[in-house]
Number of protein chains: 2
Amino acid sequence: MPKPWATLGVDLHLEPSGPGLRRSLTDALREAVRSARLAPGTRLPSSRSLAVDLGIARNTVAEAYAELVAEGWLTARQGSGTRVTDRTVIPPTGTATPRPETPRPAYDLIPGTPDLAAFPRTEWLKAARRAFLTAPNQALGYGDPRGRPELRTALAGYLARARGVRADPECVVVCAGFVHGLQLLARVLRARGVQTVAVESYGLPPHWRQLTAAGLTMAPLPFDELGTHPGRLSDQGAVLLTPAHQFPMGVPLHRDRRATVVDWARRTGGLVLEDDYDGEFRYDRQPVGALQGLDPDHVVYLGTASKSLAPALRLAWMVLPAALVKEVTEAKGGSDTCGVLDQLTLAEFLTSGAYDRHVRAARLRYRRRRDALVDALSTQAPHLRITGIAAGLHAVLRLPPGTERSVTQAATWQGLALHGLASYRHGSTTTEPLDALVVGYGTPPDHAWAGALEALCRVLP
Amino acid sequence: MPKPWATLGVDLHLEPSGPGLRRSLTDALREAVRSARLAPGTRLPSSRSLAVDLGIARNTVAEAYAELVAEGWLTARQGSGTRVTDRTVIPPTGTATPRPETPRPAYDLIPGTPDLAAFPRTEWLKAARRAFLTAPNQALGYGDPRGRPELRTALAGYLARARGVRADPECVVVCAGFVHGLQLLARVLRARGVQTVAVESYGLPPHWRQLTAAGLTMAPLPFDELGTHPGRLSDQGAVLLTPAHQFPMGVPLHRDRRATVVDWARRTGGLVLEDDYDGEFRYDRQPVGALQGLDPDHVVYLGTASKSLAPALRLAWMVLPAALVKEVTEAKGGSDTCGVLDQLTLAEFLTSGAYDRHVRAARLRYRRRRDALVDALSTQAPHLRITGIAAGLHAVLRLPPGTERSVTQAATWQGLALHGLASYRHGSTTTEPLDALVVGYGTPPDHAWAGALEALCRVLP
C-alpha cells in the first residue's frame, strides 16, 4: 500500500494505516468523483472486494462509502450496489478559478473608497480571534435585530467621544452599510405617510435611488458658498444631509444653518437624516460635531466603517430617536442582518484602541496625500481652485466653465478613472451647474498614488 | 519616573523611556479622561510644563496632546490652551458589561436553531485567516451585489453535488439569512404585479410576515398525509414551499406533487420559492434532491448556513432563474449586503472539505439525539405517535385532541421552552387543526440534552 486499485481502475494515495486510513480513503474517493476520474453512474466494487484489493478491513471501506453516500457523492440502492451519483456532472467546484472581476483602470481617483491596501488585516484577524473565542454560545444564535449589544455599547461610547453623538446603546441599530440603513429609514418614512424628502443639490445617486424605490419624491435644497441652504424646508417629512462634510462639495454646514435645520425639525416634526460618512477624517480644523448632538429626538445619525476601515465589512450604524427603533427593526425583517463575527470584532477594535490607532495612521496617510495634491496643483495648475480640502478623502477641483466633460473624457482615454461634479448633481436642482472634478485621493494604494496624481495633472486644462 | 504629576494632579504609570513613552503617555492620558479622573473642561498644563514635570521631551507631550485632540478626547483652542473635551460625559464605553440578553429557560426545545455549542469556532477562525490573508485588496471594496465570486462558485459546486441543484455561479445571490432573501423576492414579485402567494398550511409566521409586509396576500394550500397538496394552485404568482422536509411537519413533498408544482409553474409562469433550510440533515433515507433541479427556470432555491453552521453568520443563498438576477440585486440596494470576511471563510470552508466534515459530525450528533428521543418516548409515552423523524433537527409529537395548550403551558411552568403545532399553523388555512408538539432536538447543547429530554417526558400527557 499504496497499491493500484485493481477493482476500481483508479490509483489513490492512502495513509498506510491507523485512524487516518478511513479518512484518507474517503478523501481520495471523493476527489476521484469530484475530478470525474470516476464518472457519474460508475458502479463501485462491493466494499468486500475493494477491501480485499486494498488489504484493509471491510468496515473501513463500508464506512467510507456510507460517508460519501451521505454527502451525495455516491448513491446506494438496494440490489444495484453503490454508484457514483448521476448528478455529479456539475459546474466547476472550488478548485475552479473565480472569474476575474471588472477590469480596473490603471489609476482610480473615484471618491468613496478608502485605500484598501491599508486595511489592517492582521490586526483585524487578531481582534476577531479574541472576540470570537470569548463570545458566549448564545451570540451564535438568532440575534437582536439591532445588532450585538457589545458593538452597540462600544459604538455609543465611541460616537459620544469622537463625534459628539448623544447615543444610548438601546437606540443604536447596526446595519449592512449606509445604503441599507437609508433603505430601512426610507421604508419607515413612507409607511408613516411621508411623501417628500428634502435632499442636497449635490449627493450620491445611489442614495437618491433608495428614496425613489421606497416611493418617496425628492425636493433638492439650493446650494451656495455657505453650503446647503435649508431655507426652503417646509412640509417635507425629512431631510437627508451631510452636515459635517458636504458630499461631494466638502464644506461643513454653516453653523446658523445647522440651527435652522434643527428648528425646522422641531417645529414640523420632520426627521433629519445625518449622513456622517467620513467624520473621522479632518486635518486642519477642529472636528465638526454631529448635528445629532443638538437634538437626538429629531436627528438620525448614520455612520459607517466603509471609509474608516473598508466597505467590504458591510458594517454601518444608526443612532435613532427612541420612537423609531421598533419600526426600523421591523423593517429589517425582525432579525439581525450583519454577521456576528464582524460585529464582535469591530466592538473589540473600538474598545481595545485598535480602531483609534488605525484611524490615526490613516488620517496621517490621507493628509499627506491631500498635501501632495495641493502642492502638485499649485505648481502644475495654479489657475485652478481647489476646495473642500480640510477634511475627508476627496477634494473638489474647479474647472473653467464648459471643460468638465472633455477633462473626464481625456482621463478615461488615459486609463484614469475620474468623476466630474455633474455625476453628483441632482437632476431636479435649480442650483447653477459648476464645472469641477471630484478627486478621491483616498482610493489608490500607496504605490499608485504618485502615478495617479501625475495622470490627473496631465489631463487638466 | 513614574513620578507624581505635580502639574496634573493625576498619577500615571509610564514606560521609563524609548519609543513606548509617547504611546504610554497617550494611553494614560486617554484613560484618565475616559475614567473621568480628568473631568470634562479641565484645563491641562502646557506641554512645556508637563514635560518639565515628567522629565521628558516637550515634543513627546505635544504629540500625545495632538493625538488626543485628533481623537476628540481633548480640545485645543487658540488662547485657552488644551482642555478635556466637554462632551466627554458619555455612556459607558466597552469596559461596561453589555446588558444581559433575554433570560433563557432552563431547557430549550424550540425548533430552528442548531446546537450553538458545536459551532467549529477554531476551524472557522483558521479558515478565516487562510481566506482573508490571501484575498486581493479589491475584495475589500464595494462588491458585486450578488456576493463574492469565490463563495458563489463554491456554493454552486456544493449545491450541485449535495442537493442536486443546477447552479450557475452567476445566478447565485448571497443574502443575510433566509428572511432577507424572502424579503427581496417578495418585493420583486410585488413589483412584477404579483398579488397572491400560495403558502403551506404549516410554516413560520416570520416568513409569512415578510410576504404581508411586501403587500402580498397569502393563499394557504391544504395539508394531508402526503404533505402539502398543490391541487389548488391556480392564478397565484408564486408558491413558497419546503419540499425536502416540510416545516414543521417533517414529511417530504410527495413525488407526484413535486411534478404537479413544477407543471403549474411552467404552465402559468408562476415562481416556486424552495426553502431548503435543513437539506444537509437526513438520517434514514436517501436525500431528497432539490425541486430546483427539475426546473431551474421556474424555481428559486434558497439555502442557509443558519442550521448547518449558525444563524449568527447571517449567510444564506439563493439560486435564481437567470431572468430574476437583476431585479433581486437591485432590490438589495445595488451593493453586497454580507461581510466579505465571512463570505470568503465559508467559501474556504466549502472547498477545503471543512464544511463536509462539520456537517458529517453534526449529522451524527443529531441522529443520536433523534434516536434518544424516539427511545425515550417509546418507553415513557408509547401512546403518542412521533413523526417527521427521518431528517432535520426537529420532530412532531402527536398529542391527544385538546391537550396541546395545557402541555405547552405545563412546559413553561417547568422552565422548558416548547412550541405546540398551533404556533406554526397559518391563520387562514382550512386544514383541520392537529394537537402536537414540535420538538427541536437540535437546540440544546450536549450537556443539557438529557435534561431537556427528561423535562419533555415529564410534561407529556
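Because the structure is predicted, anything quoted here is derived from the model rather than measured.

Participant: Got a sec to walk through the overall build of chain A? Specific residues and values, please.
Facilitator: A tally of helices and strands in chain A yields 13 helices and 17 strands. Taking 2.2 N^0.38 as the reference for a compact globule, 461 residues should give roughly 23 Å; the C-alpha atoms of chain A span a radius of gyration of 29 Å, well beyond that estimate. Judged by the C-alpha coordinates and their principal axes, chain A covers about 90 × 55 × 40 Å. Sorting the 461 residues of chain A into buried and exposed places 60% on the buried side. Taken together, the 53 basic and 44 acidic charged side chains of chain A have centroids lying 3 Å from each other.

Participant: A description of the environment of S352(A) should follow, citing residues and the corresponding values.
Facilitator: All names here are of chain A. Along the chain, S352 falls in helix 10 (residues 340-352). A relative accessible area of 31% places S352 in the partly exposed class. Spatially, the C-alpha atoms of S352 and A127 are 8.8 Å apart, while their sequence positions differ by 225 residues. In this structure, S352 is in contact with R130 and R357, ignoring residues within four places of it in sequence. Polar side-chain contacts of S352 include one of 3.4 Å to the backbone oxygen of F349. Side-chain polar atoms of S352 contact the backbone nitrogen of A354, separated by 3.3 Å.

Participant: Describe in detail the state of the cysteines, supporting the description with residues and values.
Facilitator: Evaluated as defined, the whole model comprises zero disulfides over all chains. The cysteine C338(A) is free of any disulfide, with C175(A) supplying the nearest cysteine sulfur at 6.6 Å.

Participant: Talk me through the sheet that holds strand 9 (residues 238-241) of chain B; I want residue IDs and the actual numbers.
Facilitator: Residue and element names in this part refer to chain B. Pairing is mixed in the open sheet, where seven strands are placed in the order 4-12-11-10-9-5-6. Of all the strands in the sheet, just strand 4 (172-175) and strand 6 (217-221) have a single pairing partner and so form its edges. Between one strand axis and the next, the sheet turns through 20 degrees on average, direction left out of account. Strand direction decides the pairing type here: strand 11 (residues 299-304) and strand 12 (residues 316-319), joined by four bridges, are antiparallel. Residue pairing across strands places L302 opposite M318, the latter belonging to strand 12.

Participant: Can you explain the relation of the copies chain A and chain B? Please cite residues and give values.
Facilitator: Mapping chain A onto chain B is achieved by rotating through 180 degrees and translating by 0.1 Å along the same axis, at an RMSD of 0.1 Å. The transformation just described matches what one would write down for a two-fold rotation axis. Of all interface residues in chain A, 99% are interface residues in chain B too; the two copies therefore contact each other through one and the same surface.

Participant: An account of the pairing of strand 4 (residues 172-175) of chain A is needed here, citing residue identities and associated values.
Facilitator: Residues and elements named next belong to chain A. Residues V172 and V174 point to one face of strand 4 and V173 and C175 to the other, with burial holding for every one of them. Here strand 4 runs beside strand 12 (residues 316-319); their pairing, made up of four bridges, is antiparallel. Within strand 12, the residue paired with V173 across the bridge is M318.

Participant: For the nonpolar core, give the residues involved together with the corresponding values.
Facilitator: Within the largest apolar cluster, 74 residues are counted, with the highest numbers of intra-cluster contacts made by W124(B), L309(B), L346(B), L373(B), L437(B), L456(B) and L460(B). In terms of residue count, the dominant contributor to this core is helix 11 (residues 354-380) of chain B (eight residues). Of all hydrophobic cores here, the second largest spans 73 residues; its members include A376(A), L384(A), L418(A) and C457(A).

Participant: Explain the interface of chain A and chain B to me, and be specific about the residues and the numbers.
Facilitator: Taken together, the contact between chain A and chain B spans 87 residues of the former and 86 residues of the latter. Here chain A meets chain B over a buried area of about 7400 Å², counting both sides, of which 54% is carbon and sulfur. The largest contributions to the chain A side of the interface with chain B come from R121(A), Y142(A) and R161(A), which together make up 10% of the buried area. Counting every contact that joins chain A to chain B gives 17 residue pairs in polar contact (both at pLDDT 80 or more). Mapped onto the side of chain A that touches chain B, the elements with two or more residues apiece are helix 1 (20-34), helix 3 (58-71), strand 1 (74-77), helix 4 (121-134), helix 5 (149-163), helix 6 (178-191), helix 10 and helix 11 (354-380) of chain A. Considering only residue class, the side of chain A that touches chain B consists of 37 nonpolar, 24 polar and 26 charged.

Participant: Before we move on, can you summarise the sheet that holds strand 14 (residues 394-398) of chain B with the specific residues and values?
Facilitator: As summarised here, the arrangement of the four strands in space is 13-14-17-16 (chain B), forming an open sheet in which the pairing is antiparallel. In this open sheet, the two edge strands, each paired with only one partner strand, are strand 13 (386-387) and strand 16 (419-420) of chain B.

Participant: Any details on the pattern of salt bridges? Residues and values, ideally.
Facilitator: Considering all chains together, one arrives at 36 salt bridges over all chains under this definition. A salt bridge links K332(A) to D336(A), with the shortest nitrogen-to-oxygen separation between them at 3.7 Å. Summarising the burial analysis for this pair, K332(A) and D336(A) share the class buried. Among the salt bridges present, the one from K326(B) reaches E330(B), with a minimum N-O distance of 3.2 Å. Of this pair, K326(B) and E330(B) both sit in helix 9 (residues 325-331), four residues apart, which is roughly one turn of the helix. Via salt bridges that share partners, D144(A), R146(A), R152(A) and E170(A) belong to a single interconnected network.

Participant: Break down the packing of aromatic side chains for me, citing the residues and quoting the values.
Facilitator: Residues and elements named next belong to chain A. Under the defined criterion, the tally for this structure stands at 16 aromatic pairs over all chains. Between the aromatic rings of F247 and Y277, the centroid separation amounts to 5.5 Å while the plane-to-plane angle is 90 degrees, which identifies the pairing as edge-to-face. Separated by 30 residues along the polypeptide, F247 in the loop between strand 9 (238-241) and helix 8 (255-268) and Y277 in the loop between strand 10 (271-275) and strand 11 (299-304) bring together distant segments of the chain. Over the face of the ring belonging to Y366 we find R365, whose NZ or CZ atom lies 5.9 Å from the ring centre.

Participant: Lay out the environment of Q246(A) with the relevant residues and their values.
Facilitator: Residues and elements named next belong to chain A. The residue Q246 is located in the loop between strand 9 and helix 8 in this model. When the C-alpha atoms of Q246 and G203 are compared, they prove to be 8.1 Å apart, with 43 residues separating the residues in sequence. Residue contacts for Q246: discarding those within four places in its chain leaves E200, Y202, F223, T228, V251, Y277 and H394.

Participant: Can you tell me about unusual backbone geometry, naming the residues and giving the values?
Facilitator: Residues and elements named next belong to chain A. Cis rather than trans, the peptide bond between F247 and P248 has omega equal to 0 degrees. Residues other than glycine seldom take positive phi values, yet R314 does so here, at roughly 50 degrees. Looking at where R314 falls in the secondary structure, it is placed in the loop between strand 11 and strand 12.

Participant: Account for the confidence of the model for chain A, naming residues and giving values.
Facilitator: Confidence in the prediction for chain A averages 89 pLDDT; 91% of positions are at 70 or higher. Considering only residues more than four positions removed or in separate chains, one finds that residues 88-100 of chain A, a stretch of pLDDT under 50, has 22 contacts.

Participant: So, the packing of helix 4 (residues 121-134) of chain B against helix 10 (residues 340-352) of chain B: which residues are in play, and what are the values?
Facilitator: Residue and element names in this part refer to chain B. Contact geometry for helix 4 and helix 10: axes closest at 8 Å, N-to-C directions at 105 degrees. The angle between the axes of helix 4 and helix 10 places the two elements in the roughly perpendicular class. Where helix 4 abuts helix 10, its residues E123, W124, A127, A128, R130, A131 and F132 lie against L341, D342, L344, T345, L346, E348, F349 and S352. Its residues placed into classes, the contact of helix 4 with helix 10 shows nine nonpolar, two polar and four charged.

Participant: Please set out helix 12 (residues 404-413) of chain B residue by residue, giving values where relevant.
Facilitator: All names here are of chain B. Those residues of helix 12 lying buried are E404, V407, T408, A410 and A411. Summarising the axial view, the buried residues of helix 12 lie within an arc of 155 degrees, below the 170-degree limit, and thus occupy one face. In helix 12, the exposed residues that point more than 90 degrees away from the buried face are R405, T412 and W413. Packed against the buried residues of helix 12 are strand 15 (416-417), strand 16, strand 17 (436-440) and helix 13 (446-459). Looking one or two residues beyond helix 12, the residue adopting positive phi is G415, at roughly 75 degrees.

Participant: Give a detailed account of the packing of helix 5 of chain A against helix 10 of chain A, specifying residues and quantitative values.
Facilitator: All names here are of chain A. Orientation of helix 5 relative to helix 10, taken along the N-to-C sense of each, is 35 degrees, at an axis distance of 8 Å. Seen along the crossing, helix 5 lies across helix 10 with a hand that is left-handed. Of the residues in helix 10, those touching helix 5 at E150, L151, A154, L155 and Y158 are Q343, L344, L346, A347, L350 and T351. Per-class residue counts for the contact of helix 5 with helix 10 are eight nonpolar, two polar and one charged.

Participant: Which residues make up the side chain of E280(B), and what values do they have?
Facilitator: All names here are of chain B. By the secondary structure assignment, E280 is in the loop between strand 10 (271-275) and strand 11. One buried charged residue, E280, forms no salt bridge at all, with the nearest opposite charge on R163 at 6.0 Å. Not counting residues up to four positions away in its chain, the partners in contact with E280 are Y158, S308, Y355, V359 and R363.

Procedures and definitions
Residues numbered from 1 in each chain as written. Chains lettered and ligands numbered in written order. Predicted model: local features only at pLDDT ≥ 70, side-chain atom pairs only at ≥ 80, totals over all residues. Heavy atoms only, no water. Helix = DSSP H or I, 4+ residues; strand = E, 2+ residues; numbered from the N terminus. Rg over C-alpha atoms; globule rule 2.2 N^0.38 Å. Buried < 20%, exposed > 50% of the residue type's maximum accessible area, 1.4 Å probe, protein only. Lys, Arg positive; Asp, Glu negative; His and termini not counted. Charge placed at Lys NZ, Arg CZ, Asp CG, Glu CD. Contact = heavy atoms within 4.5 Å. Polar contact = N/O pair within 3.5 Å; in protein donor to acceptor, adjacent residues only side chain to side chain. Disulfide = S-S within 2.5 Å. Pairing = 2+ DSSP bridges. Axes fitted to C-alpha atoms, helices over the stretch in contact; angles between N-to-C directions. Least-squares fit on C-alpha atoms with pLDDT ≥ 70 in both. Core = buried A, V, L, I, M, F, W, Y, C linked by side-chain atoms within 4.5 Å. Buried area = accessible area lost by both parts, 1.4 Å probe. Nonpolar A, V, L, I, M, F, W, Y, C, P; charged D, E, K, R; others polar. Salt bridge = Lys/Arg side-chain N within 4 Å of Asp/Glu carboxyl O. Phe/Tyr/Trp six-rings, centres within 6.5 Å; stacked < 30°, edge-to-face > 60°. Lys NZ or Arg CZ within 6 Å of the ring centre and 35° of its normal. pLDDT = per-residue confidence, 0-100. Parallel < 35°, antiparallel > 145°, perpendicular 65-115°, else oblique. Arc of directions from axis to C-beta. Left-handed = near helix turned anticlockwise from the far one by under 90°.

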